[in-house]
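# Tertiary structure, described
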There are 4 protein chains.
Amino acid sequence: MAAKAKKRVGILGATGTVGQRVIHLLRNHPYFEVAALAASDRSEGKRFVDACNWKLPFEMPDAVKEIKVQPIKPPLDCDVVISSLPSDIALETEGAFAAAGYPVISNSSSYRMDEYVPLVVPEINPDHLDMIAVQKKKRGYDKGYIVTNPNCTTIGLVMALAPLYKAFGLEAVMMTSMQAISGAGYPGVASMDIIDNVMPYIGGEEEKVEEEPQKIMGKFSKTKFIYAPFLVSAQCNRVPVQDGHLESVRVKLKKKTTVEKVIAALESYKGLPQELKLPTAPEFPIIVRLEKDRPQPRLDRDAQNGMATVVGRISKDTIFDFKFTLISHNTVRGAAGAAVLNAELLVAKGLL
Amino acid sequence: MAAKAKKRVGILGATGTVGQRVIHLLRNHPYFEVAALAASDRSEGKRFVDACNWKLPFEMPDAVKEIKVQPIKPPLDCDVVISSLPSDIALETEGAFAAAGYPVISNSSSYRMDEYVPLVVPEINPDHLDMIAVQKKKRGYDKGYIVTNPNCTTIGLVMALAPLYKAFGLEAVMMTSMQAISGAGYPGVASMDIIDNVMPYIGGEEEKVEEEPQKIMGKFSKTKFIYAPFLVSAQCNRVPVQDGHLESVRVKLKKKTTVEKVIAALESYKGLPQELKLPTAPEFPIIVRLEKDRPQPRLDRDAQNGMATVVGRISKDTIFDFKFTLISHNTVRGAAGAAVLNAELLVAKGLL
Amino acid sequence: MAAKAKKRVGILGATGTVGQRVIHLLRNHPYFEVAALAASDRSEGKRFVDACNWKLPFEMPDAVKEIKVQPIKPPLDCDVVISSLPSDIALETEGAFAAAGYPVISNSSSYRMDEYVPLVVPEINPDHLDMIAVQKKKRGYDKGYIVTNPNCTTIGLVMALAPLYKAFGLEAVMMTSMQAISGAGYPGVASMDIIDNVMPYIGGEEEKVEEEPQKIMGKFSKTKFIYAPFLVSAQCNRVPVQDGHLESVRVKLKKKTTVEKVIAALESYKGLPQELKLPTAPEFPIIVRLEKDRPQPRLDRDAQNGMATVVGRISKDTIFDFKFTLISHNTVRGAAGAAVLNAELLVAKGLL
Amino acid sequence: MAAKAKKRVGILGATGTVGQRVIHLLRNHPYFEVAALAASDRSEGKRFVDACNWKLPFEMPDAVKEIKVQPIKPPLDCDVVISSLPSDIALETEGAFAAAGYPVISNSSSYRMDEYVPLVVPEINPDHLDMIAVQKKKRGYDKGYIVTNPNCTTIGLVMALAPLYKAFGLEAVMMTSMQAISGAGYPGVASMDIIDNVMPYIGGEEEKVEEEPQKIMGKFSKTKFIYAPFLVSAQCNRVPVQDGHLESVRVKLKKKTTVEKVIAALESYKGLPQELKLPTAPEFPIIVRLEKDRPQPRLDRDAQNGMATVVGRISKDTIFDFKFTLISHNTVRGAAGAAVLNAELLVAKGLL
């Protein structure tokens, strides 16, 4: 990449919680540079440093401070857009960008289950990107297209399920989440709802987690996705934690196996991003901890710069085959990092 | 009761988190008065007000302040003991009290699964108290005996399961808990382990929840308990909440039914404590909330003075039949209140 | 009061955090009954049970559930209004109610420093109500008038200062607060701003605390208030606590004295509400705790039903004379309870 | 340094919260390598990876995992010891190490106020190290000596006071702290004491903060320290924050000045560590933030790798001259980083 010019990225929803993480991840990136920042009406025309209520415990990169915030619509002066918009406006806006010739790498939910839009986790289903050609034809896009990444709770789950599915087959998955407040953005969850409390409801979350894994772990066959035939049940809760979604999981497998083999399958799992050494790819996408009290949000969410899924407490279940606990950083691996890794994969495949 | 003298209660583990709740519940009690307080070596001989690091947001009752703390061994000058001792010392100590002629109402885990000890939730299995006669004979106790209440996570669960078991039969239960810190006593959970964090491990908890419900919901037949034949899987987590164990539950029933009938079964459930109007019995042992974001620890743990189980988010599950969320106050219904209600039932049945 | 009909209260801002507390305090009140509920546009015309996002850990009283929410403007079918409106709309609205003949008991900040409006803490300056006659004349009100209570941080502070001012004189006060999130209402403080964090800024708070005490502790002389001549410095912080404002205070007194005499002055302090046994008055307005680690929000905010100010850690200061820590429940004594106690005082004085 | 061998460091209290931070700071350090780890009886003889309950959100460095934990007494196979022991054992133990010939760089409180022991903040009073020669003579040490760093609350305070003292003179300082739980070590603060709560008491803390600044900012004159003649008043509170001590401060200066000049004095402050470019020295020891809601623990504690003091909310005070808020990372700048920076300064001065 050294000799080539960096791709110029436009960020849709740049002032939001995920937008800020994308900006942080793209500082000093070997493939990309931030070229345009788009956000809602209130921010338009302001310098980013004035428009953005920066909430990350890192400094805002100097390179973005003086960029003028633009409206969220084409044209934007950039080669590709990374979008994390609320789903109500993402449907129209992302479609408009694709139609206007922009590759759209989206963290929004609007297109995830679209029959012609790949829902990609680079370690698991990079071949789904072959749908882009079909999508362009079906939707009449010229150079533009849409690629999505999963919901922040789905992604940690599928990272742990994919090796098991591959090694042992999968029949059913029960997942109960304890999710961080940053998943709701800013201002998001009211503090009166979460201090000394748990919220047993996150709008739309259970439905997403119950349907996305089967698409991600399914097959791409010529012009369509064939969903993987297992069932997922999700119960989603919000807990007073800043970052990191913790998930209690039980799995029913097709083949009988042992805890040791489950651990081996998880620990040995690597994919195309590791092979290609993509800049944001974790060296080890899954880390297994054997201590009885791990993983924990505070200690494990930042493993491998927040891109690893940490799995622990793997044991036999009394009803299904195995139970375990996992953590995944919801705004890194679960959102901004997922989109950036997808972008890196697209570059590596020559699609960007 | 009015004409009768009050029963004189000795509290084992009086300075602990549960002991303090028992003292609070027995202030102005129509059947009972606190007569003796026993606690560990460090406290012996001190006035209770000096020995006890009182951590309840209510004032310590004046009636106990001047009582001298005694060692945890018989004799104690009282008619009955309520015990909440660490399991490592409960086994020997509670046995010694029973052998010395004291009825022991225990919140400890040591005797819960003992073949001759009833594990009682008064709404569910008051008939298990018939085991007391058998126990006395088998163990050679004269007037003493041991009655236990369940683990603090089990009790909220069985309160919700009992009506479903009765109405529809039960095959399997998956429970994932988000438990309050008060369940670990004081000092208990280190703050560094729980601020901005979740602990995915609570020693021994999953095992208890996986075996106690079948005993409680089983039958007493002459001289033995016949366990109810369903499976329970538990994953237990600790969250930064002072009081109230929240549980995400899925159930597989024997008969097919509807959400409406599940709600009706839960709401209409009453038992012997309600019939007898026992002083600590909640008027409605189960409260169903229909709002999408209830129950919550902060808003629902104190329902019916902390003696109700509040159930919400009842819906169809994608794998089992139904899923729901429940909350139960862990140190009231789950410990001190459970023991006091058992004591009240024993009085009502003439066993005390 | 028994024979008299209850006064009919209208609540302005009924769906808010303070409005909910007022409703809770007026359930079964001997002097008052809730007759009208007014709230912002979004709520108008709805039943209160549908309009209000009830956030108290008590049940909403049945008596208010079916009341239709009305717009916040006169006329309202009631004898008196209790108002807790945002300051931007309180100025015009409360004035309009007073002009329309309603006694207005306000928790808002708009009129607190008005030269003709009494800012009353019943234990401290009940005589300031004599300004009402002047106010009516100056403002051309007929039967209506406005009476205010202090800011939620001011009130705990002046409760502790008043006895010291009376006994020893007061030159200067340094107060640093650690305030609860409920003080900002709902949704109020974003959880991302307060989990594992402290916010060192609360808009307008320091200014209020620096000027209100001198009015409250000043004299009413014929037609004007003469402010007490001491200085206050305030630094206000928000901490992750649901209820209860904790304050670290240093005082410089006019007369030299001892810790023992300071304690005696605080403990013996009583006022007109205690003398009149007003329904909401705490029996002991100030409670002194001698333990080295009290007061604490969780353990002390609810003392005397949240109407007491709890003071502890009283000791010599190295620069000023004494330092101490106090807690006051911000939505009870600091808002809803302050307004209700003012209303009770007005009834007792024949002004309502 | 490149050509020289690294100094071999022994860590006393290696398994504790501060010990872990020291280990983290010394990974890949240009001057030092960890050679010996000493901890209490329970840990002796175990591999460090087995003995230490590692609580940092970073991985334990591989280099220390296999080191055998030794008892906390000389001899240890190392060139220098960094100690963070409980004060009750530090007095005897650190003295024994110094007598046995080890330079002791101590984070413990035992020797801080000793008349012959320098209490050093490298930016402020590096010349106090000249006391080492006097100390050796007075105490009969040969090669050993003791150098201390301040209490974790003191250090953030003196970092902000030193430039003001230098530029304007200082008469009095009022400081109210909101301190992180990590300051109490592990297990430290019980979660029941701090969730939804503030603890208004930290044993011994106020006394330390009230006396250490005058020594640090005083002069070394031949054989003794001449304390700076200003007064400090401290009120110390514990809040539910993992890391970072927030302090609300008022200062009374000798010369009148302006907010602008106060800001300029703080921002321009640099010292010997910056001049010498010591490895752990922050480029800017003091960062001034102008936003009204900064500094905050979550956003500012890690500034300059946790070695900066961040100051904000600088404004005129109604009683003293100025008030402001500061944050300092209590286990980095306030403990482990302070000791390591002292060690680096000793190397740079040829004393190690």
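One structure accompanies this document, and this report is about it. Keep in mind that what you see is a predicted model, and the values were worked out from it rather than measured. (Residues numbered from 1 in each chain as written. Chains lettered and ligands numbered in written order. Predicted model: local features only at pLDDT ≥ 70, side-chain atom pairs only at ≥ 80, totals over all residues. Heavy atoms only, no water.)

### So, the overall build of chain A
Within chain A, the regular secondary structure consists of 11 helices and 14 strands. Each of the three principal axes of chain A carries a C-alpha extent, and together these read 60 × 50 × 35 Å. Within chain A, buried positions represent 65% of all 352 residues. Here the analysis covers contacts within chain A between residues at least 6 apart in sequence; of these, 74% occur between residues at least 24 apart. Accessible surface computed for chain A: about 12,400 Å², of which carbon and sulfur atoms make up 50%. When the 44 positive and 40 negative side-chain charges of chain A are each reduced to one mean point, those points stand 4 Å apart. (Helix = DSSP H or I, 4+ residues; strand = E, 2+ residues; numbered from the N terminus. Buried < 20%, exposed > 50% of the residue type's maximum accessible area, 1.4 Å probe, protein only. Contact = heavy atoms within 4.5 Å. Areas by Shrake-Rupley, 256 points an atom, 1.4 Å probe, with all protein chains shown as cover. Lys, Arg positive; Asp, Glu negative; His and termini not counted. Charge placed at Lys NZ, Arg CZ, Asp CG, Glu CD.)

### So, the pairing of strand E14 (residues 322–328) of chain D
Residue and element names in this part refer to chain D. For E14, the buried fraction is high: 7 of the 7 residues fall into the buried class. Here strand E11 (residues 245–253) pairs with E14 via 7 bridges, running antiparallel. Opposite histidine 245, over in E14, you have serine 328 as the bridge partner. Examined bridge by bridge, strand E13 (residues 309–316) and E14 share 6 bridges and lie antiparallel to one another. In the sheet register, valine 311 faces E14, and the bridge partner there is leucine 326. (Pairing = 2+ DSSP bridges.)

### Structural notes on the interface of chain A and chain B
Facing the 47 residues of chain A at the interface are 47 residues of chain B. The junction of chain A with chain B conceals about 4,000 Å² of combined surface from both sides, 54% of it contributed by carbon and sulfur atoms. Inspection of the chain A/chain B interface yields 8 salt bridges. In this structure, B:Glu206 and A:Arg313 form a salt bridge, with 3.5 Å as the shortest nitrogen-oxygen distance. For the side of chain A that touches chain B, the elements supplying multiple residues, two or more each, are strand E7 (170–179), helix H7 (205–216), strand E10 (231–238), strand E11 (245–253), helix H10 (297–300) and strand E14 (322–328) of chain A. (Buried area = accessible area lost by both parts, 1.4 Å probe. Salt bridge = Lys/Arg side-chain N within 4 Å of Asp/Glu carboxyl O.)

### Considering the sheet that holds strand E1 (residues 7–12) of chain A
Residue and element names in this part refer to chain A. Spatially, the 6 strands line up as an open sheet ordered E3-E2-E1-E4-E5-E6, and their pairing is parallel. Of all the strands in the sheet, the pair left with one neighbour each is strand E3 (69–70) and strand E6 (145–148). Of the pairings in the sheet, the one linking strand E2 (residues 32–38) to E3 comprises 2 bridges and is parallel in character. Within E3, the position partnered with alanine 38 by the bridge is glutamine 70.

### Details of the relation of the copies chain C and chain A
Once chain C is rotated about the relating axis by 180° and shifted along it by 0.0 Å, it coincides with chain A to within an RMSD of 0.0 Å. Taken together, the rotation and translation relating the two chain copies correspond to the operation of a two-fold axis. Minimal C-alpha separation from the rotation axis in chain C is found for C:Ser191, amounting to 2.1 Å. Of the residues that chain C buries at the interface, 100% are likewise interface residues in chain A, meaning the two copies contact each other through the same surface. (Least-squares fit on C-alpha atoms with pLDDT ≥ 70 in both.)

### Let's talk about empty space enclosed by the protein
Following the criterion strictly, the structure yields 5 cavities of 30 Å³ or more and no others. Here the largest cavity defines a volume of roughly 140 Å³. Residue composition of the lining of the largest cavity, by class: 10 nonpolar, no polar and 4 charged. By volume, the second largest cavity is sized at about 70 Å³. (1 Å grid on protein atoms, 1.4 Å probe; cavity = no way out; pocket = protein on both sides within 12 Å on 5 of 7 lines; lining within 4 Å. Points joined across faces, edges and corners; volume = space filled by probe spheres on them. Nonpolar A, V, L, I, M, F, W, Y, C, P; charged D, E, K, R; others polar.)

### Examining the packing of aromatic side chains
Residues and elements named next belong to chain A. Taken as a whole and judged by the stated rule, the model has 18 aromatic pairs over all chains. Between phenylalanine 97 and tyrosine 102, the ring centres sit 5.3 Å apart and the planes meet at 70°, which makes this aromatic pair edge-to-face. Phenylalanine 97 gets classed as buried once you look at its relative accessible area, which sits at 0%. By relative accessible area, tyrosine 102 is classed as buried at 9%. Arranged with centres 5.7 Å apart and planes meeting at 55°, the rings of phenylalanine 220 and phenylalanine 225 form a pair that is tilted. (Phe/Tyr/Trp six-rings, centres within 6.5 Å; stacked < 30°, edge-to-face > 60°.)

### A few points about the side chain of A:Asp300
All names here are of chain A. Here aspartate 300 is to be found in helix H10. Using a relative accessible area of 2% as the deciding quantity, one classes aspartate 300 as buried. Among the polar contacts made by the side chain of aspartate 300, one reaches the side chain of arginine 294 at a distance of 2.8 Å. If we skip the residues at most four places from it in the chain, aspartate 300 touches Arg289, Arg294, Pro295, Val310 and Ile327. (Polar contact = N/O pair within 3.5 Å; in protein donor to acceptor, adjacent residues only side chain to side chain.)

### Description of the interface of chain C and chain A
Each partner contributes to the interface: chain C provides 16 residues, whereas chain A provides 16 residues. With both sides pooled, the region where chain C packs onto chain A buries about 1,600 Å², and carbon together with sulfur makes up 63% of that total. On the chain C side of the contact with chain A, C:Met192, C:Ile195 and C:Gln242 bury the most area, a combined 43% of that side's loss. For the pair chain C and chain A, the number of links is 2 salt bridges. Where C:Asp193 meets A:Lys55, a salt bridge forms, and the shortest distance between an N and an O atom there is 2.5 Å. The interface formed by chain C and chain A includes 10 residue pairs in polar contact (both at pLDDT 80 or more). Of the residues contributing to the side of chain C that touches chain A, the split by class is 9 nonpolar, 5 polar and 2 charged.

### A closer look at the environment of D:Gly101
Residues and elements named next belong to chain D. Following the sequence through the fold, glycine 101 ends up in the loop between helix H4 (87–99) and strand E5 (103–106). Linking glycine 101 and phenylalanine 168, residues 67 residues apart in sequence, is a C-alpha distance of 42 Å. Beyond its immediate stretch of four places on either side in the chain, glycine 101 contacts Lys143 and Gly144.

### As for the environment of C:Arg27
Residue and element names in this part refer to chain C. Locating arginine 27 in the fold gives a position in the loop between helix H1 (17–26) and strand E2 (32–38). Accessibility expressed as a relative area gives 41% for arginine 27, which makes it partly exposed. Taking C-alpha positions, arginine 27 is 26 Å from threonine 153, a pair spaced 126 residues apart along the chain. Looking at arginine 27, its side chain comes within polar contact range of the main-chain oxygen of histidine 24, at 2.4 Å.

### Regarding the side chain of B:Arg301
Note on placement: B:Arg301 falls in the loop between helix H10 (297–300) and strand E13 (309–316). If sequence neighbours within four positions are ignored, B:Arg301 has contacts with A:Asp196, B:Val241, B:Gln242, B:Asp243, B:Gly244, B:Gln296, B:Gly306 and B:His329.

### Points about the sheet that holds E14(D)
Residues and elements named next belong to chain D. Ordered by their spatial adjacency, 6 strands build an open sheet running E10-E7-E11-E14-E13-E12, and the pairing between neighbours is mixed. Strands at the two margins of the open sheet, each flanked by one partner only, are strand E10 (231–238) and strand E12 (286–288). The sheet shows a mean angle of 20° between the axes of neighbouring strands, taken without regard to direction. Across the sheet, helix H8 (residues 259–267) touches E12, E13 and E14, and the angle it forms with E13 is around 170°. (Axes fitted to C-alpha atoms, helices over the stretch in contact; angles between N-to-C directions.)

### Examining the packing of helix H6 (residues 152–168) of chain A against helix H8 (residues 259–267) of chain A
Residues and elements named next belong to chain A. With their axes 9 Å apart at the nearest point, H6 and H8 run at an angle of 120° to one another. Classified by chirality, the crossing of H8 by H6 is right-handed. In this structure, H6 uses Ala160, Pro163, Leu164, Ala167 and Phe168 to contact H8, whose residues at the interface are Lys261, Val262, Ala265 and Leu266. (Left-handed = near helix turned anticlockwise from the far one by under 90°.)

### Examining the packing of H6(A) against H7(A)
Residue and element names in this part refer to chain A. The N-to-C vectors of H6 and H7 enclose an angle of 40°; their axes lie 9 Å apart at closest approach. Considering the angle they form, H6 stands oblique to H7. Viewed along their axes, H6 and H7 form a crossing whose handedness is right-handed. Each of Cys152, Thr153, Thr154, Leu157 and Val158 in H6 lies in contact with H7, whose residues at this interface are Glu205, Lys208, Val209, Glu212, Pro213 and Ile216. The class makeup of the residues in the contact of H6 with H7 is 6 nonpolar, 2 polar and 3 charged. (Parallel < 35°, antiparallel > 145°, perpendicular 65-115°, else oblique.)

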